[in-house]
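Chain and residue survey
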Amino acid sequence: MSSYTLFLLLHLLMAFVFVGAVFFEVLILEGARRHVSPRVMTAIEIGIGRRATRVMPWVILTLYGSGIAMAWNYRAALAHPLDSTFGLLLTIKISLALSVLGHFLTAMVLRHRGRLVATVFHRIHVSLFFHMVGIVLLAKLMFHLSL
Ligand code: HEM
């Protein structure tokens with residue numbers, strides 16, 4: 001198996017964990033809020049937060065590391081993003097992925113300052129959700145579209 005294939009498999013596996021976690025938060029957990037008392041919900045969120053803090057850094061590190069390793073193969077296309085549809089879509093995909101990191105950094109800073117209130121937390125999750133949809137669609141369409 002080539003190292004590219006290995007990175008691709010790692011990337012795909014970590015993407016499904018990361019994207020799955022965000023989808024779970026937005027589609028399942030947010031919907032469950034209505035059926036559970038605020039006290040129980042807060043306890044669940046604290047528990048999930050602790051678990052995510054342990055697992056997610058490794059997932060994110062592997063996801064972005066394997067992404068960068070694969071992107072090295074396409075450095076010529078990335079150097080001139082406007083010259084090909086593939087280069088353009090991959091550039092947008094990577095920009096969205098960087099913006100995802102920005103969301104996490106923002107959430108961490110706000111939490112540190114005690115300003116991560118529920119509405120901001122919810123907005124960050126919904127924005128992440130749409131970023132993920134964009135990233136996954138671009139990851140596939142970049143190989144099949146020619147604009
Ligand atoms: C939130 C972060 C990210 C997610 C959710 C994500 C998700 C995905 C998915 C689902 C694929 C398709 C894999 C497949 O076809 O088996 C993919 C492909 C790819 N990703 Fe990412 N990605 C992320 C970040 C990055 C970053 C930061 C880079 C590079 C700097 C990157 C570079 C690539 C490349 C080059 C491919 C094409 C691989 C191929 O099919 O040959 N990704 N990504």
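Only a predicted model underlies this, so the values are computations on that prediction, with no experimental measurement involved.

The number of helices and strands found in the protein chain is five helices and zero strands. Along the protein chain, helices (α) and strands (β) appear in the sequence α-α-α-α-α when read from the amino end. Structurally, the protein chain occupies a C-alpha span of about 55 × 35 × 30 Å along its principal axes. Here the protein chain holds 147 residues, and the buried ones make up 13% of them.

The first and last C-alpha atoms of helix α4 (residues 85-112) sit 41 Å apart over 28 residues, in line with the 40 Å expected at 1.5 Å per residue. Those residues of α4 hidden inside the fold are in contact with α2 (38-71), α3 (75-79) and α5 (118-141). With its phi angle positive at about 70 degrees, Gly114 sits one or two positions after the end of α4.

Judged by nonpolar contacts, Leu89, Leu90, Ala97, Val100, Leu128, Met132, Ile135, Leu138 and Met142 together constitute the single largest core of nine residues. Mapped by element, the contributors of at least two residues to this core are α4 and α5. Here Leu89 is in contact with Leu138, Leu141, Met142 and Leu145, once residues within four sequence places are set aside.

Criteria and thresholds
Residues numbered from 1 in each chain as written. Predicted model: local features only at pLDDT ≥ 70, side-chain atom pairs only at ≥ 80, totals over all residues. Helix = DSSP H or I, 4+ residues; strand = E, 2+ residues; numbered from the N terminus. Buried ≥ 20, exposed ≤ 12 C-beta atoms within 10 Å, placed from the backbone. Expected span 1.5 Å × (residues − 1). Contact = placed C-beta atoms within 7 Å. Core = buried A, V, L, I, M, F, W, Y, C linked by C-beta atoms within 7 Å.

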